[in-house]
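Examination of the molecular architecture
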Amino acid sequence: MAELDHWHPALKSEELRARPVGVTVAGRELVLFRAGGSVGCLPDRCPHRGMRLSLGTTEAGRLVCPYHGWSYAPDGQGRSPGTPTAKPCAEALETVERDGAVWVRRQGSSSRFPRWDHDGCYEVGRLRKTVHAPLEVTLDNFTEVEHTPFLHAFLGYNPEDLASLECRVTTEDDRVTVFNQGPQRPFPAPLGALYGVPRDADFIDHWTTFFSPVYTVYDQYWVDRETGERHPDALKIAVFFNPVSPEDTELFVFVHAVRPRWTSWRASPLLGALTRAFVHLEVMLDARMLGRLADRSTSLKGRSLGRFDKALVAHRPRIDALYRGAPR
Amino acid sequence: MDPATHTIVVGAGPAGLAVAAGLGSRGVPYTLLERSEDVGWSWRNHYERLHLHTVKQFSSLPGMRFPEHVGLYPSRDEVVAYLEAYARRFKVTPRLGEGVQRARREHGLWHVETDRGTHRAKNLVLATGYNRVPREVRWPGQEAFQGTVLHSREFRSGRPFQGKRVLVVGMGNTGGELALDLWESGATVALAVRSPRHVVPRDVYGIPAQVNSLFVLSRLPIALADRLSLRLLDRVVGDLAPYGLPRPSEGPLTQVVERGRIPLIDIGTIALVKQGKLPVLPPPERFTPTGVVHADGVERPWDAVLAATGYHPGLEELLEGASQVLNERGYPRVHGAESALPGLYFLGFRNPLTGQLHDIAREARRITAALGGA
């Protein structure tokens, strides 16, 4: 399978309204538009004279080109007002709207939909952010905790605990799982109280990376160091890595909390907004650091690697084989 | 033959465990018989993605809540873990691997024949489950079909069906959810619907349907509750007839109460139906070697047909004199209290809108109170 054979989240649902919107997914410029209850997706280029269709309008479920008024149905069938005998056709992509996002893939693909189990969790937020780094390099940042004490405001571990941190990597054909456990970095006192995170708890950051498309699902929770008992609050985060170009990657992040809003005052909408702001902040810090790299090449050959970089090595062949469809 | 005990409980699922725990804590001697090798057999064997459709706060058995870190709708594995923990906590030790063949009443005692012998007791609680026997349907020409036909009981996940064309027959909760799972697994899926059914979103404006049922609908007269819920469904679900899902003529509560037909609790299937991902087709009429002729006379090719045609409690074959205590559909007439046969109780054979586990917990308390001579 090639990149566009996998489902990619292209837009947040609320970003697509009456006007068509242009997006770049896996290096392809596409236009998305609403047509009745479903969403149309075509190349963002009129088959007639190459106009950018995302600058057009949607009328009666058809996308209208702003240049000569040629219009296209979601299946790509075109009509020309000036040449009624013309049967222009654009190559339509398949779309689906789920989890508050519009997803696209090539028509006729039978790739799996990237489901992660957030049944009964409540949504904290979704965010989209473009990072100036290739897919592999961006994924690297999101699949090791060694950077967290130095880069992040709240997420992760203390620098002095890094050397003793538990970090287990397990690999299967289609996934790479990493389990990290270590003492929670102290939250500033008011925040700790607000979130109800016990002071001497262990923070567990447990994630699995999949490659159809490339995405990582995180389970983040706390356990009592003495009893091993789980703290009731937990976050479930899914981060999708969409290659925009060989140099840029778009992050599409879905954040859910396990505890439903109405069971605890701590899980109030206010706290939801605060959590959303934290996630934004941490992702922004990742993006800024990645934008400053001196060497963006994706190869790990010749680099000095540490014990947290094991998963990174496991990702490379899976991205090539499962995501890009390179022969093994 | 063992000496007669006070009560025999059959089935170590949620219902049997709840009664056994209640009897144990009252000091009533009992024997719990379980045909499989574990507690919660049905739950262990459900498809992988299943979650409860009812919230954990109103789905626990008497005396023990779900753990705090479990989400609002516990997953299959979390339910199994809960049942195991429940059995441990209340020291319930079923006789595993002892399936009941037949139960009959003789000289004022219940005689329960199992694969290993006969047990006798004054009282018998049947908790063999709503889902004991798959309701298999056979269609003409099925033998010649070259694809796979399977009942939803045999379905674990959609993964083996990636790239295949699969017809799901039946649109109860199972059919609706398996169609969703198959679509997510990369199969081309359609639903074949035999008779109209109401569709209720699992959450309406963020409020679980079970909570609505518990605190609003179940407290109103049926006619009013039907009118109210239809108005609400108009707003949140809309008219599904254009997608091949006409609405039943009776209201949703009438259907549950009078026919035992529960609505589809929607967890995302309908959104896919509306986006054209899951077409709804007429039911199968007969099979051909490569597909199915549907009731509209059109033959469509399928690689697999999944019968989500439901289950049957299968009590007739277990119980002598069953006709005295079962209704015409084969379900117990009396639930949670002594039936027309002395000392015989049924638990867990209905599925109300307020939630099956919630109902089991409530009725188990009534049964243990009755048997414990409170």
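Our structure's up above, just so we're on the same page.
Just so we're clear, the structure is a prediction, and the values are computed from it rather than from any experiment.

Some details on the interface of chain A and chain B
The interface is formed by 24 residues belonging to chain A together with 23 residues belonging to chain B. Note on chain A versus chain B: buried area summed over both sides is about 2,100 Å², and carbon and sulfur give 50% of it. Seen at the junction of chain A and chain B, the total is four salt bridges. Linking Arg202 of chain B and Asp119 of chain A is a salt bridge whose minimum nitrogen-to-oxygen distance equals 3.1 Å. Broken down by secondary-structure element, the contributors of at least two residues to the side of chain A that touches chain B are β9 (93-98) and β16 (230-243) of chain A. With five residues, the top contributor of residues to the side of chain A that touches chain B is β9 of chain A.

Some words on a negative patch on the surface
Together, Asp200, Asp224, Glu226 and Glu229 of chain A give the surface a local cluster of negative charge. Along the polypeptide, Asp200 of chain A turns up in the loop between α3 (189-195) and β14 (201-211).

What about the packing of aromatic side chains?
All names here are of chain B. One pass over the full model with this rule turns up 26 aromatic pairs over all chains. Both rings, one in Phe58 and one in Phe215, keep their centres 5.5 Å apart while their planes meet at 65°; by these two values the pair is edge-to-face. Taken together, the positions of Phe58 in the loop between α2 (41-45) and α3 (76-89) and Phe215 in helix α5 (residues 209-215) put the pair 157 residues apart, joining distant regions of the chain. Seen from their ring centres, Phe66 and Tyr82 are 4.1 Å apart, and the 15° between their planes marks the pair as stacked. Placement of Phe66 in the loop between α2 and α3 and of Tyr82 in helix α3 is noted, with a sequence separation of 16 residues between them.

Some details on a nonpolar patch on the surface
Residues and elements named next belong to chain B. Judged by side-chain polarity, Phe215, Val216 and Leu228 come together as a nonpolar surface patch covering roughly 250 Å² of accessible area. Along the chain, Leu228 falls in helix α6 (residues 222-236). Residue Leu228 is classed as partly exposed on the basis of its relative accessible area of 43%.

Focus on the environment of Leu353 of chain B
Residues and elements named next belong to chain B. Position of Leu353 among the secondary structure elements: in the loop between β20 (344-346) and α9 (356-371). Put simply, Leu353 and Val92 are 261 residues apart on the chain and 29 Å apart in space, counted from C-alpha to C-alpha. Beyond its immediate stretch of four places on either side in the chain, Leu353 contacts Gln210, Ser213, Leu253, Val256 and Pro263.

Concerning the nonpolar core
In terms of nonpolar packing, the biggest core is built from 81 residues, with Trp103 of chain A together with Leu17 and Leu182 of chain B touching the most fellow members. Among the elements that make up this core, the one with the highest residue count is helix α1 (residues 14-25) of chain B (seven residues). Looking at this core, you find at least three residues from each of domain 1 (5-132 + 313-371) and domain 2 (135-307) of chain B. The next biggest cluster of nonpolar side chains, apart from the first, holds 45 residues, and it includes Val124, Val131, Phe203 and Ala311 of chain A.

Regarding the sheet that holds strand β11 (residues 122-131) of chain A
All names here are of chain A. The sheet built from seven strands is open, its strands ordered β11-β17-β16-β15-β14-β13-β12 with antiparallel pairing. The sheet terminates laterally at β11 and β12 (166-172), the two strands that pair on one side only. Neighbouring strand axes in the sheet, compared pairwise and without regard to direction, differ in orientation by 15° on average. Alignment of β16 against strand β17 (residues 249-257), held across nine bridges, turns out to be antiparallel. Considered in β17, the bridge of Phe240 is made with Phe252. In this fold helix α4 (residues 269-291) packs onto β11, β16 and β17, with an angle of close to 20° to the strand it touches most, β11.

Topic: helix α5 (residues 310-323) of chain A
All names here are of chain A. Here α5 contains 14 residues, and its C-alpha end-to-end distance of 20 Å stays within 8% of the 20 Å for a straight helix at 1.5 Å per residue. Where α5 bends most, at Pro317, the angle is about 25°. Here α5 has its buried residues at Ala311, Leu312, Ala314, His315, Arg316, Arg318, Ile319, Ala321 and Tyr323. At the C-terminal side of α5, Gly325 shows a positive phi close to 75°.

Here we look at the sheet that holds strand β5 (residues 57-59) of chain A
All names here are of chain A. Reading across from one edge, β5-β6-β7-β8 is the order of the four strands in this open sheet, with antiparallel pairing throughout. Looking at strand neighbours, the two that pair on one side only are β5 and β8 (78-79), the edges of this open sheet. Here strand β6 (residues 62-64) pairs with strand β7 (residues 71-72) via two bridges, running antiparallel. When the bridges of β7 are listed, Leu63 appears paired with Tyr72.

With respect to the pattern of salt bridges
Within this structure, the stated rule accounts for 44 salt bridges over all chains. Between Asp140 of chain A and Arg316 of chain A there is a salt bridge, with its nearest N and O atoms 2.8 Å apart. In this pair, Asp140 of chain A is assigned in helix α1 (residues 135-142) and Arg316 of chain A in helix α5, connecting sequence segments 176 residues apart. Here the two residues Asp140 of chain A and Arg316 of chain A agree in accessibility, since each one is buried. Through salt bridges with shared partners, one network takes in Arg98 and Arg115 of chain A together with Arg49, Asp181 and Glu184 of chain B.

About the criteria used
Residues numbered from 1 in each chain as written. Chains lettered and ligands numbered in written order. Predicted model: local features only at pLDDT ≥ 70, side-chain atom pairs only at ≥ 80, totals over all residues. Heavy atoms only, no water. Contact = heavy atoms within 4.5 Å. Buried area = accessible area lost by both parts, 1.4 Å probe. Salt bridge = Lys/Arg side-chain N within 4 Å of Asp/Glu carboxyl O. Helix = DSSP H or I, 4+ residues; strand = E, 2+ residues; numbered from the N terminus. Patch = residues over 30% accessible without salt bridge, like charges linked within 9 Å, V, L, I, M, F, W, Y side chains within 5 Å. Areas by Shrake-Rupley, 256 points an atom, 1.4 Å probe, with all protein chains shown as cover. Lys, Arg positive; Asp, Glu negative; His and termini not counted. Charge placed at Lys NZ, Arg CZ, Asp CG, Glu CD. Phe/Tyr/Trp six-rings, centres within 6.5 Å; stacked < 30°, edge-to-face > 60°. Buried < 20%, exposed > 50% of the residue type's maximum accessible area, 1.4 Å probe, protein only. Core = buried A, V, L, I, M, F, W, Y, C linked by side-chain atoms within 4.5 Å. Domains from an automatic or database assignment. Pairing = 2+ DSSP bridges. Axes fitted to C-alpha atoms, helices over the stretch in contact; angles between N-to-C directions. Expected span 1.5 Å × (residues − 1). Bend = angle between axes of the 7 residues up to and from the residue.

Take it as geometry only, folks, not as evidence of what the structure does.
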